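What follows is the residue order along each chain.
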Amino acid sequence: MTGDQLIRQAVARSANVAEVRIGPGVLGEAAAVYARHFSGPACLMADDRGWAAAGPQVEAALQAAGIACRHHVIPARPRPKPTVDLADSLRAVLRPGETPVAVGSGVMNDVVKHAAFGLGIPYLCVATAASMDGYTSAGAPLSEKGFKKTIACRPAKALLADLDVIATAPPEMTGWGYGDLAGKVPAGGDWMIADALGIEAIDDVAWPMVQDGLEGWLSQPERIAAGNRDAIEGLFLGLTLVGLAMEAHGSSRPASGADHQIAHLWEMDDLHHGGERVSHGACVAVGTMAVLRMFDWLLARDLPALLPAQRSGPSLADKEAEIRRLFGAGEIADRAMAETRLKHVEGAALEARLKHLSAIWSELSARLGARLWRAGRMAAHLARAGAPVTGAEIGVDDRYLYRSILKARFLRSRYTVLDLLDECGLLEQAALAAIAAGDARKVGT
C-alpha cells in the first residue's frame, strides 16, 4: 500500500481529521480546502518564521476566493515555548465566528490546537516543516505550571502540507523531525514490554500504522538532510501517520516511551544551547540514543540470572521520598507522585511480575532484539540526517543525563524499559553503562 493510500485509510478511520493534502504546490488549494471544511472568516496564526514560509501565500489564496481573513504573528526569536499560557493568549485573540489557521510547525500547531479546542471549534493546519509528529495527533504536549504533559485535544480538521515549502525548511528542523520519528523505535520496544507483562496491550490498529513503515521512513537520512523532496515526503508521511495512530489509539503510547520522558524533562527545564531553546525533536533524538544504549545493555544479559529469588522492591513511600529528593518540593513533584502511584507495584505483586518476566525473557528478548535498532546504527542514521546524537550537542552533560534517566520514569504512568530496569534493581547500572557506551566520563549521583 502506498503512503497516500495509508493516509487516506487512516483519515477515513479518524473521528476528527477530514482531509490531509500532502504534495508539491498544495498551498494553491488552501481556499478550496478551507471552503470544504470551514465557514466564516479565518485568523491565520504563526510565528515570524512560519509566516515567512507560507503565510502570505495562504492569505492571498483565501482572499482571492472571497474568504475574509486576518493574521496574528508572534516573534520567532526567542523560539516560542509550548505552554498553556501561550495557547490561552492566542485563544484570547480570536474573534467570535473566526476559524483559526495554524501556519508553522510544532509549537504553533500545538498551541493553536489547544486554543481551538478550548473554544470547541475546528482549525486548519498549514505545515511548514517535517519537524514533529503532532500535526494530526489528538493531543497537545504543553507545559502547565512547569509540568510538560500531553493534553487531550482534537487534531486539525484539515492538514495542508506543501512539499515545496517543507523541503526548503531549515535543515535543522527536518533533523528534528527525523529525531522525533527515530524515537518510535525504542517506543515500540517499551510497548512490547508492557504488552508482554500484561500491563498495556498492543493495539492492532495503531501499532502497524507506526511500526510497519518505520524502517523505510528512516532509511534515507542523507537524502533527507540534503532536502530531497521525495525523501522528505516519506518522512512527513511517517510523521503524519504517527499522529493519526495516536488519535486512533486514544493516547500517545504508539509514539512515545522512555525517550520522550527523558526529552520532556529537558523541555520542562527549559533547556537552552547556543542561545536557543532546544527543540522537542532534538531532545527526543538524544533521549532515543540513551534508551537504545540501555536496551543494548539489557539484551546482552541473562536477565533471569540477575534477578534475586525474592525482591519486594521499594515501597511507594520510598519512591515518593526519591521524587522529593530528585525534583524538590512543588507542583512538578506532586504530579510526578500522582503518575507514579498509578503504576506502582510492590511486595507479592512485584514478585509475581518478575517471576513472569523470567519465564518469558528468552522469547521477549529475542523479539526485542529483532525489532529494535542497535544504538550504533541509530547514531549513524541520526548524524547523517542532521539530528543530534550526543548530549553535548544540545547542552546536556553526563551528570545531567544520568540524573535525567533516573528521574524520567516518574513523569508518566506509562510503563517503559526504565520501569522494568527499576523493578529489577538494575536502573542505575544500566544508566551508567549507557552513558559509558556513549564515550561519556564516569558520573555519579
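Please refer to the structure higher up on the page.
The rules we used
Residues numbered from 1 in each chain as written. Predicted model: local features only at pLDDT ≥ 70, side-chain atom pairs only at ≥ 80, totals over all residues. Heavy atoms only, no water. Phe/Tyr/Trp six-rings, centres within 6.5 Å; stacked < 30°, edge-to-face > 60°. Helix = DSSP H or I, 4+ residues; strand = E, 2+ residues; numbered from the N terminus. Buried < 20%, exposed > 50% of the residue type's maximum accessible area, 1.4 Å probe, protein only. Contact = heavy atoms within 4.5 Å. Polar contact = N/O pair within 3.5 Å; in protein donor to acceptor, adjacent residues only side chain to side chain. Salt bridge = Lys/Arg side-chain N within 4 Å of Asp/Glu carboxyl O. Pairing = 2+ DSSP bridges. Axes fitted to C-alpha atoms, helices over the stretch in contact; angles between N-to-C directions. Parallel < 35°, antiparallel > 145°, perpendicular 65-115°, else oblique. Left-handed = near helix turned anticlockwise from the far one by under 90°. Nonpolar A, V, L, I, M, F, W, Y, C, P; charged D, E, K, R; others polar.

1. Quick word on the packing of aromatic side chains
So, step 1. Under the criterion given, the structure shown has four aromatic pairs.
So, step 2. When the ring of tyrosine 135 is compared with that of phenylalanine 236, the centres are 5.6 Å apart and the planes differ by 35°; the resulting orientation is tilted. Of this pair, tyrosine 135 sits in the loop between strand S5 (124-127) and strand S6 (139-144) while phenylalanine 236 sits in helix H12 (residues 229-249), and the two are 101 residues apart along the sequence. Per residue, the accessibility class of tyrosine 135 equals that of phenylalanine 236, and both read buried.
So, step 3. Geometrically, the ring pair formed by tryptophan 266 and tyrosine 400 is tilted, given 6.3 Å between the ring centres and 55° between the ring planes.

2. Focus on the side chain of aspartate 110
So, step 1. Among the structural elements, aspartate 110 can be located in helix H5 (residues 106-119).
So, step 2. Apart from residues no more than four positions distant in its own chain, aspartate 110 is found in contact with Gly139, Ala140, Pro141 and Leu142.

3. Some words on the side chain of glutamine 211
So, step 1. Here glutamine 211 lies in helix H9 (residues 206-211).
So, step 2. For glutamine 211, a relative accessible area of 6% gives the class buried.
So, step 3. Within polar-contact distance, the side chain of glutamine 211 engages the backbone oxygen of lysine 184 at 3.0 Å.

4. A short note on the pattern of salt bridges
So, step 1. If you walk through the whole model with that rule in mind, you get 26 salt bridges.
So, step 2. Of the charged contacts in the structure, one is a salt bridge between aspartate 270 and arginine 277, with a shortest N-O distance of 2.6 Å.
So, step 3. Residue classification places aspartate 270 among the partly exposed residues on the basis of a relative accessible area of 26%.
So, step 4. Under the relative-accessibility criterion, arginine 277 is labelled buried at 15%.
So, step 5. As a salt-bridge pair, glutamate 363 and arginine 367 come within 2.6 Å of each other at their nearest N and O atoms. Highlighted residues: glutamate 363 and arginine 367, both in helix H18 (residues 347-371), separated by four residues, approximately one helical turn.
So, step 6. Since its relative accessible area comes to 46%, glutamate 363 is described here as partly exposed.
So, step 7. Taking the relative accessible area as the measure of exposure, arginine 367 reaches 32% and is therefore partly exposed.

5. A closer look at the sheet that holds strand S3 (residues 69-74)
So, step 1. Pairing is parallel across the open sheet formed by six strands, whose spatial order is S1-S8-S5-S4-S2-S3. For this open sheet the edge positions go to strand S1 (19-23) and S3, each flanked by a neighbour on one side alone. Each neighbouring strand pair of the sheet contributes to a mean axis angle of 15°, computed without reference to strand direction.
So, step 2. The pairing of strand S2 (residues 42-47) with S3 spans six bridges and is classified as parallel. Of the residues in S3, the one forming a bridge with cysteine 43 is arginine 70.
So, step 3. Each of S1, S5 and strand S8 (158-162) is contacted by H12, which is oriented at about 165° to S1, the strand it contacts most.

6. Observations regarding the environment of arginine 229
So, step 1. Secondary-structure assignment places arginine 229 in helix H12.
So, step 2. In sequence terms arginine 229 and glutamate 98 are 131 residues apart; their C-alpha atoms lie 34 Å from each other.
So, step 3. Once you skip the residues sitting within four places of it in the chain, arginine 229 turns out to touch Pro24, Leu163, Asp164 and Ala167.
So, step 4. Only 2.8 Å separates the side chain of arginine 229 from the side chain of aspartate 164, close enough to count as a polar contact.

7. Considering the environment of histidine 114
So, step 1. One can find histidine 114 in helix H5.
So, step 2. Here the alpha-carbon distance between histidine 114 and serine 137, two residues 23 residues apart in the chain, equals 12 Å.
So, step 3. Not counting residues up to four positions away in its chain, the partners in contact with histidine 114 are Val84, Ala87, Asp88, Arg91, Ala140, Leu142, Ile151 and Cys153.

8. Considerations on the packing of helix H4 (residues 84-93) against H5
So, step 1. The N-to-C vectors of H4 and H5 enclose an angle of 60°; their axes lie 8 Å apart at closest approach. The angle between H4 and H5 falls in the class oblique. Of the two possible hands of crossing, H4 and H5 adopt the one that is right-handed. Facing H4, whose interface residues are Val84, Leu86, Ala87, Asp88, Leu90 and Arg91, H5 presents Val107, Met108, Val111, Val112, His114, Ala115, Gly118 and Leu119.
So, step 2. Of the residues belonging to the contact of H4 with H5, the class tally is 10 nonpolar, two polar and two charged.

9. Quick notes on the packing of helix H7 (residues 171-182) against helix H19 (residues 375-385)
So, step 1. Contact pair H7 / H19: the axes reach a minimum separation of 9 Å and the direction vectors enclose 160°. When the interaxial angle is binned, H7 and H19 end up roughly antiparallel. The chirality of how H7 crosses H19 is right-handed. Along the contact surface, H7 presents Gly175, Tyr178, Gly179 and Ala182, while H19 presents Met378, His381, Leu382 and Ala385.

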